[in-house]
Amino acid sequence: MDRNKFILLILAFFCMISFVSCDRYPVEAIVGIPGRMDSFPNPWYIYDDQINTRGSMEPYRWLDDQYCASWDYANVDFSWTNGVKNGNKCMYFTWLGNSSDTSGATYFGFGLMAREALGEKVALGRAGYNNLKFWIRGSLNSNCEFKIEIPGTAVSRTVAASEISSEWQEIIVPMSSIGSEVEVEYDIAFALKTVDGTVKTNGGTVYLDDIRFVK
């Protein structure tokens, strides 16, 4: 093989890397091996001005009608531009509570898929993530609290009304309970809820920013 052909092959290879690979799938897109440690960025921002999950870009509502209020009593906005923490946008999440909600709902929630498709399982612990971090501010009425969790795992954090103020504060949720080989259907679930599932509340509003997995 002459020198010119060799150079062309090298250039073609690097062009393939540039066009096929990307920030979300830097190596996985080429080698086809899912769940590689080097295919997960650090930090992995699930939200920073926009939704950055590996799968669906749209939130989904928890659809258990027995417990979940309708959108008439809640709202989620991923492009809120007032009083953001970093960048130009933050997430706005509000629930009017169940004092005026005739459905008897005890919470309102939504989720973001951190996976390719329903039913797919990934092992984020293998990628070395130690914490789920995010910024929060807002105002909650009595008997209302905010909760974030990864369903199916012990990764969870409840933020009481007394912990939330008009000033941004960072919340750190440890992920050490997830083993390196444990594969789960990774979602991040968010909820505004009553403190014990029986009392009435007028709900409240929270603003969220820079939601991320950190190694």
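Scroll up a little and you will see the structure.
What this report covers is the structure whose coordinates are included nearby. Counting restarts for each chain: residues are numbered from 1 in the order of the written sequence. Only residues with pLDDT of at least 70 are given local features in this predicted model, and only at 80 or more are side-chain atom pairs given and counted; all residues enter the totals for whole chains, interfaces and linings. As a rule here, side-chain values come from all non-hydrogen atoms in the structure, and water together with hydrogens is ignored.

**Some thoughts on the nonpolar core**
Put simply, the rule is: Buried Ala, Val, Leu, Ile, Met, Phe, Trp, Tyr and Cys residues form a nonpolar core when they are joined through side-chain atoms within 4.5 Å. A 1.4 Å probe rolled over the protein chains alone gives each residue an accessible area, and that area as a share of the maximum for its type sets the label: buried under 20%, exposed over 50%, partly exposed in between.
Judged by nonpolar contacts, the single largest core of 38 residues is most densely connected at F93, F134, F146, F190, I211 and F213. Formed by 5 residues, the second largest nonpolar core is a distinct cluster that contains C90, W135, W168 and Y207.

**Considerations on the packing of aromatic side chains**
This is how the line gets drawn: Any pair of Phe, Tyr and Trp rings, taking the six-membered ring for Trp, is counted once the centres come within 6.5 Å. Such a pair is stacked with planes under 30 degrees apart, edge-to-face with planes over 60 apart, and tilted for the rest. Note on conventions: DSSP H or I runs of at least 4 residues are helices, E runs of at least 2 residues are strands, and numbering of each starts at the N terminus. Any Lys NZ or Arg CZ found within 6 Å of a ring centre and within 35 degrees of that ring's normal is scored as a charge over the ring.
For the structure on display, the rule yields 12 aromatic pairs. Between the aromatic rings of W44 and Y129, the centroid separation amounts to 6.4 Å while the plane-to-plane angle is 45°, which identifies the pairing as tilted. Of this pair, W44 sits in strand β1 (residues 44-47) while Y129 sits in the loop between β5 (107-113) and β6 (131-140); the two residues are 85 residues apart in sequence, bridging distant segments of the chain. Both rings, one in Y129 and one in F213, keep their centres 5.6 Å apart while their planes meet at 45°; by these two values the pair is tilted. Note that Y129 is positioned in the loop between β5 and β6 and F213 in strand β11 (residues 204-214), a separation of 84 residues in sequence. The pair Y129 / F213 is uniform in exposure class, with both members buried. These aromatic residues form a ring-pair network of at least three members: Y47, F78, F93, F108, F110 and F190. Note that K85 overlies the ring of W135, its terminal NZ or CZ placed 4.2 Å from the centroid. Positioned above the aromatic ring of Y129 is the side chain of K215, whose terminal nitrogen or guanidinium carbon lies 5.5 Å from the ring centre.

**Considering the side chain of R212**
Just so we agree on the cut-off: Whenever two N or O atoms come within 3.5 Å, that pair is a polar contact, provided that in protein one can donate a hydrogen and the other can accept it, and provided that, for residues adjacent in sequence, both atoms are side-chain atoms.
With respect to the helices and strands, the residue R212 is situated in strand β11. A distance of 2.7 Å separates the side chain of R212 from the backbone oxygen of D210, its partner in a polar contact.

**A closer look at the environment of D48**
Where we set the bar: In what follows, residue pairs with any heavy atoms lying within 4.5 Å of each other are defined as contacts.
Residue position: D48 is located in the loop between β1 and β2 (60-61). Between the C-alpha atom of D48 and that of C90, which follows or precedes it by 42 residues, the distance is 7.2 Å. Setting aside its immediate chain neighbours within four residues, D48 contacts D209 and D210.

**Considerations on the pairing of strand β10 (residues 187-194)**
For clarity, the cut-off: Between any two strands, pairing holds if DSSP finds at least two bridges.
Of all 8 residues in β10, 8 are buried, a share of seventy percent or more. Pairing of strand β7 (residues 144-149) with β10 involves 6 bridges; the strand directions are antiparallel. Its bridge partner being in β10, E149 is matched across the sheet by A189.

**With respect to unusual backbone geometry**
The phi torsion at D49 lies on the positive side, around 80°, for a residue other than glycine. Mapped onto the elements of the fold, D49 is located in the loop between β1 and β2. A relative accessible area of 21% means that D49 is categorised as partly exposed. Here the phi dihedral of N143 falls at roughly 70°; this positive angle occurs in a residue that is not glycine. For N143, the location among the structural elements is in the loop between β6 and β7.

**Re the pattern of salt bridges**
To keep things clear, this is the line we draw: Any Lys or Arg side-chain nitrogen found within 4 Å of a carboxyl oxygen on Asp or Glu counts as a salt bridge.
Per the stated rule, a full pass over the model turns up 4 salt bridges. Notably, a salt bridge pairs K193 with E145, separated by 2.6 Å at the nearest N-O pair. Taken together, the residues K193 in strand β10 and E145 in strand β7 connect sequence positions 48 residues apart. Of the two residues, K193 and E145, both sit in the buried class. With its nearest N and O atoms 3.1 Å apart, the salt bridge here joins R157 to E163. The class of R157 is partly exposed, set by a relative accessible area of 25%. Looking at E163, the relative accessible area reads 31%, which means it is partly exposed.

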